Amino acid sequence: MQPIRNIVVLTGAGVSAESGIATFRGPGGLWEGHRVEDVCTPEALRADPRLVHRFYDLRRAALADVAPNAAHVALAELERSWTGELLIVTQNVDDLHERAGTHRLLHMHGALRSALCAVCGTRVAHTGPLPPGSRCGACGGAALRPDIVFFGEIPYAMDRIVDAIGTCDLFVSIGTSGAVYPAAGFVEWANDRGAATLELNLERSAGSGRFDESRLGPASELVPAWVAELLAGQ
Ligand code: APR
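Residues numbered from 1 in each chain as written. Predicted model: local features only at pLDDT ≥ 70, side-chain atom pairs only at ≥ 80, totals over all residues. Heavy atoms only, no water.

### Observations concerning the site of the ligand
Moving on, step 1. Around the ligand, 21 residues are found, and the nearest of them are Ala 13, Arg 25, Thr 176, Ser 177 and Glu 203.
Moving on, step 2. For the ligand, an oxygen atom lies 2.8 Å from a polar atom in the backbone of Phe 24.
Moving on, step 3. One nitrogen or oxygen atom from the main chain of Gly 175 is found 3.4 Å from an oxygen atom belonging to the ligand.
Moving on, step 4. Judged by its atoms lying within 2 Å of the grid points, the ligand is housed in the largest pocket. (Near = heavy atom within 4 Å. Polar contact = N/O pair within 3.5 Å; in protein donor to acceptor, adjacent residues only side chain to side chain. 1 Å grid on protein atoms, 1.4 Å probe; cavity = no way out; pocket = protein on both sides within 12 Å on 5 of 7 lines; lining within 4 Å. Sits in = over half its atoms within 2 Å of the grid points.)

Here you go:
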């Protein structure tokens, strides 16, 4: 096996579950009585902007009540102490990786604490409520929307993700069901590249069979143990 220098980590809702943020497809996977897919599409935004904006306002406000858990903290420690390359790609829209201290981070599905102008494409930090018709400071258009990649839209930073996986020696998937593409396909790209692949998840996922190794358990236990093991071998 080639020495491990460049690592790509993909995280999903499972890494934030122990912080109190519900996952999408686990027990209680409905959000505020809505299925995520019913409020996370361009059609839903067009049909009922008030519902969609309010749905994300509630999730944005709820960030004040949660904190990073040991998994987020361990990944930030890895970034500080790892001498090779490390990139964290998260499907999550919460800000727990940042609050734990991670900097080299890509939110491929957008972020709750950001707003997107549907007219000019400008993305701006936004922490409070975002009512429909909010004005964009860049173009003046009254079309700021939640900066969330809806189903059917193109995830962010795919070029950087492809490059990172194309040069990684290790790909690690943490807390994701492997149900949504393109993220669910990243492990195949890593396998094709000849990288080692590891899954850390509470239970077997749709992609478990595609990893060299799959460790089952809560992220708050598995991730700190894996980071300690990796740094000890550095
Ligand atoms: N520790 C580790 N893994 C956990 C934990 C935990 N404490 N709790 C749950 N999990 C695992 C579940 O077993 C599941 O495999 O996390 C995964 C969560 O899966 P999903 O709810 O499908 O969330 P995710 O994989 O992030 O969804 C991907 O789908 O709905 C869209 O855009 C949304 O980004 C999301 C994408």
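### Quick word on the pattern of salt bridges
Pairs can form between side chains of opposite charge whenever their charged atoms are close.
Moving on, step 1. Taken as a whole, this structure holds 11 salt bridges when the rule is applied.
Moving on, step 2. With a shortest N-O distance of 2.7 Å, Arg 123 and Asp 147 are connected by a salt bridge. In this pair, Arg 123 sits in strand 5 (residues 123-125) while Asp 147 sits in strand 6 (residues 144-148), placing the two residues 24 residues apart along the sequence.
Moving on, step 3. For Arg 193, the salt bridge is made with Asp 169, and the minimal N-O distance between the two is 3.9 Å. Here Arg 193, found in helix 7 (residues 186-193), pairs with Asp 169, found in the loop between helix 6 (158-166) and strand 7 (170-174); they are 24 residues apart in sequence, far enough to count as distant.
Moving on, step 4. Using a relative accessible area of 34% as the deciding quantity, one classes Arg 193 as partly exposed. (Salt bridge = Lys/Arg side-chain N within 4 Å of Asp/Glu carboxyl O. Helix = DSSP H or I, 4+ residues; strand = E, 2+ residues; numbered from the N terminus. Buried < 20%, exposed > 50% of the residue type's maximum accessible area, 1.4 Å probe, protein only.)

### Points about the layout of surface pockets
Moving on, step 1. Of the pockets and cavities examined, the largest pocket occupies roughly 860 Å³.
Moving on, step 2. Lining the largest pocket are 42 residues, and of these Ala 13, Phe 24, Arg 25, Thr 176 and Ser 177 sit closest to its centre.
Moving on, step 3. Only helix 1 (36-39), helix 3 (49-62) and strand 8 (196-201) provide two or more residues apiece to the lining of the largest pocket.
Moving on, step 4. Taken together, the residues that form the lining of the largest pocket break down as 21 nonpolar, 14 polar and seven charged. (Points joined across faces, edges and corners; volume = space filled by probe spheres on them. Nonpolar A, V, L, I, M, F, W, Y, C, P; charged D, E, K, R; others polar.)

### What to know about empty space enclosed by the protein
Moving on, step 1. Scanning the entire structure with this criterion turns up one cavity of 30 Å³ or more.
Moving on, step 2. Estimates place the volume of the largest cavity at around 110 Å³.
Moving on, step 3. As for the largest cavity, its lining consists of 17 residues, of which Ser 173, Thr 176, Gly 178, Ala 183 and Ala 184 are closest to the centre.
Moving on, step 4. For the lining of the largest cavity, the secondary structure elements donating two or more residues are strand 7 and helix 7.
Moving on, step 5. Residues that form the lining of the largest cavity fall into these classes: nine nonpolar, six polar and two charged.

### Observations concerning helix 7
Structural remark: α-helix, 3.6 residues per turn; residues separated by three or four positions point the same way.
Moving on, step 1. Of the residues making up helix 7, those classed as buried are Phe 186, Val 187 and Ala 190. End-on, the buried residues of helix 7 take up no more than an arc of 100°, which puts them together on one face.
Moving on, step 2. Gly 194 lies just past helix 7 and shows a positive phi near 85°. (Arc of directions from axis to C-beta.)

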